[in-house]
Amino acid sequence: MAKYRFKCSDIGMNCGFETSAKTMEELFPKIVDHAKNVHNIQEIDEELKKKVEGAIKKTIF
Ligand SMILES: [Zn+2]
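Residues numbered from 1 in each chain as written. Predicted model: local features only at pLDDT ≥ 70, side-chain atom pairs only at ≥ 80, totals over all residues. Heavy atoms only, no water.

Quick look at the coordination of the zinc ion now. Taken together, the protein donors to the zinc ion comprise Cys8 (SG), Cys15 (SG), His34 (NE2) and His39 (NE2), at separations of 2.0 to 2.3 Å. The site at the zinc ion holds four donor atoms, and with the angles between them running 102 to 116 degrees, its shape is tetrahedral. Spacing between the donor residues of the zinc ion along their common chain follows C-x6-C-x18-H-x4-H. Here cysteine 8 falls in the buried class, since its relative accessible area comes to 2%. For cysteine 15, a relative accessible area of 18% puts it in the buried group. (Donors = N, O, S within 2.8 Å, 3.2 Å for Na, K, Ca; no water. Tetrahedral: all angles 85-135°; square planar, octahedral: opposite > 155°, others 65-115°. Buried < 20%, exposed > 50% of the residue type's maximum accessible area, 1.4 Å probe, protein only.)

Here's what the structure looks like:
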């Protein structure tokens, strides 16, 4: 089993948001939702996407 975790603070946001999911496909929409609702980012561009992907940590257990 793998677990993917994302912390908003890892991309330099002053924010305590943290989320996790079993797959990247599940995790990414959660991050997109959060970005929209909390940070008012309406569109994740390529640069931000790369940043987010780089900040996602995979844990195998
Ligand atoms: Zn945030």
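Our next topic: the packing of helix α1 (residues 24–39) against helix α2 (residues 46–55). Between two packed helices, the angle of one axis relative to the other and the distance separating the axes together describe the packing. Interaxial distance between α1 and α2 falls to 12 Å at its minimum, and their mutual angle equals 125 degrees. Compared by their axis directions, α1 and α2 come out oblique. Read as a crossing pair, α1 and α2 show a hand that is right-handed. Counting all contacts with α1, which are made through Met24, Phe28 and Ile31, the residues of α2 involved are Lys49, Val52 and Glu53. Classifying every residue of the contact of α1 with α2 gives four nonpolar, no polar and two charged. (Axes fitted to C-alpha atoms, helices over the stretch in contact; angles between N-to-C directions. Helix = DSSP H or I, 4+ residues; strand = E, 2+ residues; numbered from the N terminus. Parallel < 35°, antiparallel > 145°, perpendicular 65-115°, else oblique. Left-handed = near helix turned anticlockwise from the far one by under 90°. Contact = heavy atoms within 4.5 Å. Nonpolar A, V, L, I, M, F, W, Y, C, P; charged D, E, K, R; others polar.)

As a further point, take the side chain of histidine 34. Along the chain, histidine 34 turns up in helix α1. Separated by 3.1 Å, the side chains of histidine 34 and histidine 39 make a polar contact. Beyond its immediate chain neighbours, meaning those up to four positions away, histidine 34 contacts Cys8, Cys15, Phe17 and His39. (Polar contact = N/O pair within 3.5 Å; in protein donor to acceptor, adjacent residues only side chain to side chain.)

Our focus in this paragraph is the packing of aromatic side chains. Applying the stated rule across the entire model yields zero aromatic pairs. Lying across the ring of phenylalanine 28, lysine 49 places its NZ or CZ 5.9 Å from the centre. (Phe/Tyr/Trp six-rings, centres within 6.5 Å; stacked < 30°, edge-to-face > 60°. Lys NZ or Arg CZ within 6 Å of the ring centre and 35° of its normal.)

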